Structures are given as C-alpha cells and as structure tokens.
Amino acid sequence: MRISKYQLSETIYLYTLVLILLAAIAYSGGRRHLFTKSDIEVVVTLESVQNIFPEANSFLKSSSNIIEVRSGEIEIGKALVSSDYVTDNIGYGGLVPILIGLDDKYNVEGISLLNNGETIDYLAYVTRGDFLQQWDNLSLREVKEQSVDGATGATMSSDAIIKGMKGTAAVFYNSPIDSWEKQPILSTIKDVIFLVVVLLSLLFAFGKAHKKLRPYYMVLVVIVVGIVLNKTLSIFLLYSWLLNGIPWVLNWQSVMLFVLAIGISFLGKRKYYCTYLCPMGALQELVNKVSPFKKKILPNTWKNLSIREAYLFFISAMLLFGFTPQLNHFEPFMVFSFRIASYGFFIAGGLIVILSLFFNKPYCTVCPTGCLMDTISYKKQALKNTEDGKK
C-alpha cells in the first residue's frame, strides 16, 4: 500500500494534535510526567473511620502506618490503609484503596472503601450485598489465605478489593504475596469465547466469512462482548487508562480491542471496532434488520458542526478545565450490565432501540467514543490535488 508524503504529514499532524490534547487532559487529572503519575493521595476521613467504628470521634496515624481509633481518650480499635502496603490493586478506574478496621487482637471489624476512580454504579453494586462482610471476624493472618468470591458483574472492582485485602495482610506480616492464583474454569471459557469472537470479526472485516452469517455474529457480539464480558470501549475507560496507565494483564480484552481498532485501520478498515465489535452498534444493526420500516439517517450535523465531535469536545473541555463528571453516565454502554445499571441506562437503551426501528444506527451519530476512534484511526487520504497525487 503506497502512502503519499501528503498523507503521511496529515496523519502526523492529526496525531500530534490528539497527543497534545490527551497530555493536557492527563495533566489536569493528576499526571505530572509522561510515563508516571504523581503520588496518589489517599485521604482517610473521620466519616470513613466511623463506617467501621460508629463511636469513633478521632484517630491518629502512627509512624508504623497503624491508625489508632479513639472514642474520647479510649482506643476502641485500629485500622490499616491498603495503599500504605500495596498499590497494585487496580480496578476499572484505577487504584482502589481500602480502610481495614481491626480490633485489639487484629481481627477484622469491617472494611470501608476510600476515595477511588471506580464508577458509583459499580461500587454501589459491590457494597450493597454481603461482599465486604466476607472478611468480618477473620484474623488479619487468615485474610491472606481466605478464599473469597468476587462480585459477579463487577469483577475488576471486586478483584481489586480482594487483592488489596490479601496484599495488605501479607505485607503487614512480611509474608510473600501470591503473584498468581488459579483462574476459574469459567473465566478461561469466557476468554476463549472472546478470542473466537475477535477471530470472527477479522474474518468478516476482510471478507472471509459469508455475509448471511453476519446477523448471527452480531448476536454473538451483543452477548459476549456486551452482556457477558462488558468489555465495551468507552470514554470513561480510555480516560482511566490515560490517568492510571493501561492494565495490560487485568483488562487485556479491552486493550486488545483498542490495539486492533487502531492497528486494523492501517489496513483500510477504519471503523473496524464500531462495525464489527461494538455491542451497541451490533444491537442497533440487529434492530435495523428486524424493523419493517424504511430507515432514515439522523442528522449528524448542526449548522455544519458535527454533533458527535461537539459532544466529544464538550466532554474533553470539562476534563481539561478540572471538572470530574461520572464519564460512564455520558454513554449508554452500562445498559449491558443488567445487575448494575440504573434505570437511566435502561431508559437510554430502550430509547436507542426504539429509534433504531426508524433510523439507521441512531446512537452512532452522537457517540463520543466512536468519534474519538475515528479521529485517532488511520485515514487513507485522497491523492488528487496533492503534489504526490498528480498523474
């Protein structure tokens, strides 16, 4: 494939502008260097202490990182902050620090989550059940060995909490931290199915699969990528990577989707992710196919201004100027997480389905993630009217 000098210079120029914008957003979010982030400030408040010890009215952290919890002049318990011991318990939105309450014999009194970058919806789901109570009354030594089930539907968040608990207990007693745990067979099966879906997407993208099979494949994308794994690329996900780094191991599926989306664009498939792997795009396409109505195209510009570009710019501007909105609420992708999604996501998802009966992929006209992927994906430029394109 021949690449003209004009095409190359335009690509470099566009990527430079995108990198400058991303660097500015990352700097405003706390990153101070290209490859490192400033130290994470974990704040322990009296309220977080009182979540475990309701009678507490003061606390004091000693030089050995043990917090003494007091009610008046009486010490009623102790507490440890997981980030003083481990910093690799990463969830969907970054580090998940934990306050671990202990009695005088170092048995667990309770757990309180400290400030973190996880979404409110995921944390509400994790905390409203009995997940955090699984360690109650265990000795700190037993915590490291205790087998604890994660919260189905919020795997990364719950795994981060489990890792923080076990890591803190291990470091506190100078014990080795388990670097590997046997992966459940169900997780292995999910990983294999995900790889099969990715392989099928490549076959469809490059015309190696029969087009009549595409509707069945779209159903598979909705179920596997959306409902089962919930690995949809989103502005929230990419922003958390920008601030906290890319979790190559913990969330390798999403990393693979992102790398493929950019890499395949150089082979002429610029909308590869949106067309073949986005569950929201697949859902809309399926509704389009079963709808008996003639499909129209929603207007995607207003006074020559692209609606989705304006939407992406609005989100970027908020981040650039220091606002910290719940980015997952700007997109409807959490509708695929049935256990976690609030009514607002179901309303948004229902509206998209209804619009898809009459319009061709209506959400795609405003999708900020799709806009960003289009922006950073490689574009094949026309050669006419350029010095290299003259015949």
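Residues numbered from 1 in each chain as written. Predicted model: local features only at pLDDT ≥ 70, side-chain atom pairs only at ≥ 80, totals over all residues. Heavy atoms only, no water.

Undergrad: Would you mind showing me how to read the packing of aromatic side chains here?
TA: Geometrically, a pair of aromatic rings is defined through the distance of the ring centres and the angle of the planes. Taken as a whole and assessed by the stated rule, the structure comprises 12 aromatic pairs. Here Phe 131 and Trp 135 contribute two aromatic rings whose centre-to-centre distance is 5.7 Å and whose plane-to-plane angle is 80°, an arrangement assigned as edge-to-face. Of the two residues examined, Phe 131 and Trp 135, each falls in the buried class. Taken together through their ring pairs, the aromatic side chains of Tyr 85, Tyr 106, Phe 172 and Tyr 173 make up a single cluster. Over the aromatic face of Tyr 173 sits the side chain of Arg 141, whose NZ or CZ is 3.8 Å from the ring centroid. (Phe/Tyr/Trp six-rings, centres within 6.5 Å; stacked < 30°, edge-to-face > 60°. Buried < 20%, exposed > 50% of the residue type's maximum accessible area, 1.4 Å probe, protein only. Lys NZ or Arg CZ within 6 Å of the ring centre and 35° of its normal.)

Undergrad: How do you make sense of the pattern of salt bridges when you look at a structure like this?
TA: Oppositely charged side chains can pair when the atoms bearing their charge come close. According to the stated counting rule, one finds 7 salt bridges in the structure shown. Where Lys 61 meets Asp 84, a salt bridge forms, and the shortest distance between an N and an O atom there is 2.6 Å. Linking Lys 61 in strand S1 (residues 58-61) with Asp 84 in the loop between strand S3 (74-81) and strand S4 (90-91), this pair joins segments that are 23 residues apart in sequence. A residue is classified by how much of its surface remains accessible, and Lys 61, at 39% relative accessible area, is partly exposed. The residue Glu 75 makes a salt bridge to Lys 78 at a minimum N-O spacing of 2.8 Å. Accessibility expressed as a relative area gives 33% for Glu 75, which makes it partly exposed. Look at the salt bridges and you will find they share partners, linking Arg 214, Glu 285 and Lys 361 into a network. (Salt bridge = Lys/Arg side-chain N within 4 Å of Asp/Glu carboxyl O. Helix = DSSP H or I, 4+ residues; strand = E, 2+ residues; numbered from the N terminus.)

Undergrad: Where do I start with the sheet that holds strand S7 (residues 108-113) in this structure?
TA: As a general point, the strands of a sheet are linked pairwise by backbone hydrogen bonds and lie either parallel or antiparallel. A sheet is described by the order of its strands in space; here 5 strands give the open sequence S1-S2-S3-S6-S7, paired in antiparallel fashion. Looking at strand neighbours, the two that pair on one side only are S1 and S7, the edges of this open sheet. Across the sheet, the mean angle from the axis of one strand to that of its neighbour is 25°, orientation sign disregarded. Along the sheet, helix H5 (residues 155-172) makes contact with S3, strand S6 (98-102) and S7, crossing S6 at roughly 55°. (Pairing = 2+ DSSP bridges. Axes fitted to C-alpha atoms, helices over the stretch in contact; angles between N-to-C directions. Contact = heavy atoms within 4.5 Å.)

Undergrad: Please clarify how the nonpolar core should be interpreted in this entry.
TA: By size, the foremost hydrophobic cluster in this structure holds 55 residues, and its most contacted members are Tyr 217, Leu 257, Tyr 272 and Met 280. The element that contributes the greatest number of residues to this core is helix H8 (residues 235-244), accounting for 7 residues. Ignoring anything within four residues of it in the chain, the contact list for Met 280 reads Pro 332, Phe 333, Val 335, Phe 336, Ile 352 and Tyr 363. (Core = buried A, V, L, I, M, F, W, Y, C linked by side-chain atoms within 4.5 Å.)

Undergrad: It is not clear to me how the confidence of the model for the protein should be interpreted in this structure. Could you clarify?
TA: Parts of the model with low pLDDT should not have their predicted coordinates read in detail. Here the protein averages 83 in pLDDT, while 82% of its residues score no lower than 70. No element of the protein has a lower mean pLDDT than helix H1 (residues 5-28), at 62, and none a higher one than helix H11 (residues 279-290), at 96. Note on residues 33-38: pLDDT under 50 across the span, and 9 contacts to partners over four residues away in sequence or across chains. In the model, residues 382-391 has pLDDT below 50 throughout and makes 9 contacts with residues more than four positions away in sequence or in other chains. (pLDDT = per-residue confidence, 0-100.)

Undergrad: Hey, could you run me through the environment of Ala 261 in this one?
TA: In this structure, Ala 261 sits in helix H9 (residues 252-265). Relative accessible area serves as the criterion here: at 2%, Ala 261 is assigned to the buried category. Between the alpha carbons of Ala 261 and Tyr 272 there is a distance of 5.8 Å; along the sequence they are 11 residues apart.

Undergrad: I tried to follow unusual backbone geometry on my own but got confused; where do I start?
TA: Trans peptide bonds make up most of the peptide bonds, and negative phi angles are found at most residues other than glycine. At Asn 137, a position not held by glycine, the phi torsion is positive, near 70°. By the secondary structure assignment, Asn 137 is in the loop between helix H3 (120-128) and helix H4 (140-145).

Undergrad: Teacher, can you tell me more about helix H7 (residues 214-228) here?
TA: Side chains of residues three or four places apart in an α-helix project in the same direction, reflecting 3.6 residues per turn. The end-to-end C-alpha distance of H7, which contains 15 residues, comes to 20 Å, matching closely the 21 Å that a straight helix rising 1.5 Å per residue would cover. Looking only at H7, the buried set comprises Arg 214, Tyr 217, Met 218, Val 221, Val 222, Val 224, Val 225 and Gly 226. Summarising the contacts, the buried residues of H7 are in contact with helix H6 (185-205), H9, helix H10 (272-276) and H11. (Expected span 1.5 Å × (residues − 1).)

Undergrad: Mind showing me how you'd approach H8 here?
TA: Within H8, 8 of the 10 residues are buried, leaving the element largely enclosed by the surrounding structure. Backbone geometry just downstream of H8 places Gly 245 in the positive-phi region, at approximately 95°.

Undergrad: When you look at the pairing of S3 in this model, what are you seeing that I'm missing?
TA: On a regular strand, each side chain points to the face opposite its neighbour's, so the side chains alternate between the two faces of the sheet. Pairing geometry for strand S2 (residues 67-71) and S3, over 5 bridges, is antiparallel. Paired with Val 69 across the bridge in S3 is Gly 77. The hairpin formed by S2 and S3 contains 2 residues between the paired strands, and Gly 72 there has a positive phi angle of roughly 70°. Summarising the sheet, S3 and S6 pair through 4 bridges and their orientation is antiparallel. What sits directly across from Leu 80, in S6, is Ile 100.

Undergrad: So what exactly am I meant to see when it comes to the packing of H6 against H7 here?
TA: Axis angle and axis distance: for two packed helices, these are the angle between their axes and the distance between the axes, and together they describe the pair. At a closest axis distance of 10 Å, the pairing of H6 and H7 adopts a crossing angle of 140°. By the angle class used here, H6 and H7 are oblique. Remark: the crossing between H6 and H7 carries left-handed chirality. In this structure, H6 contributes Lys 190, Ile 193, Phe 194, Val 197, Leu 200, Ser 201 and Phe 204 to the contact, and H7 contributes Arg 214, Tyr 217, Leu 220, Val 221, Val 224, Val 225 and Val 228. The class makeup of the residues in the contact of H6 with H7 is 11 nonpolar, 1 polar and 2 charged. (Parallel < 35°, antiparallel > 145°, perpendicular 65-115°, else oblique. Left-handed = near helix turned anticlockwise from the far one by under 90°. Nonpolar A, V, L, I, M, F, W, Y, C, P; charged D, E, K, R; others polar.)

Undergrad: So what exactly am I meant to see when it comes to the environment of Asn 89 here?
TA: Of note, Asn 89 is situated in the loop between S3 and S4. Beyond its immediate sequence surroundings of up to four residues, Asn 89 is in contact with Ser 82, Gly 94, Leu 95, Val 96, Pro 97, Ile 98, Ala 160, Lys 163 and Gly 164. Within the structure, the side chain of Asn 89 is placed 3.4 Å from the backbone oxygen of Ala 160, a separation counted as a polar contact. (Polar contact = N/O pair within 3.5 Å; in protein donor to acceptor, adjacent residues only side chain to side chain.)

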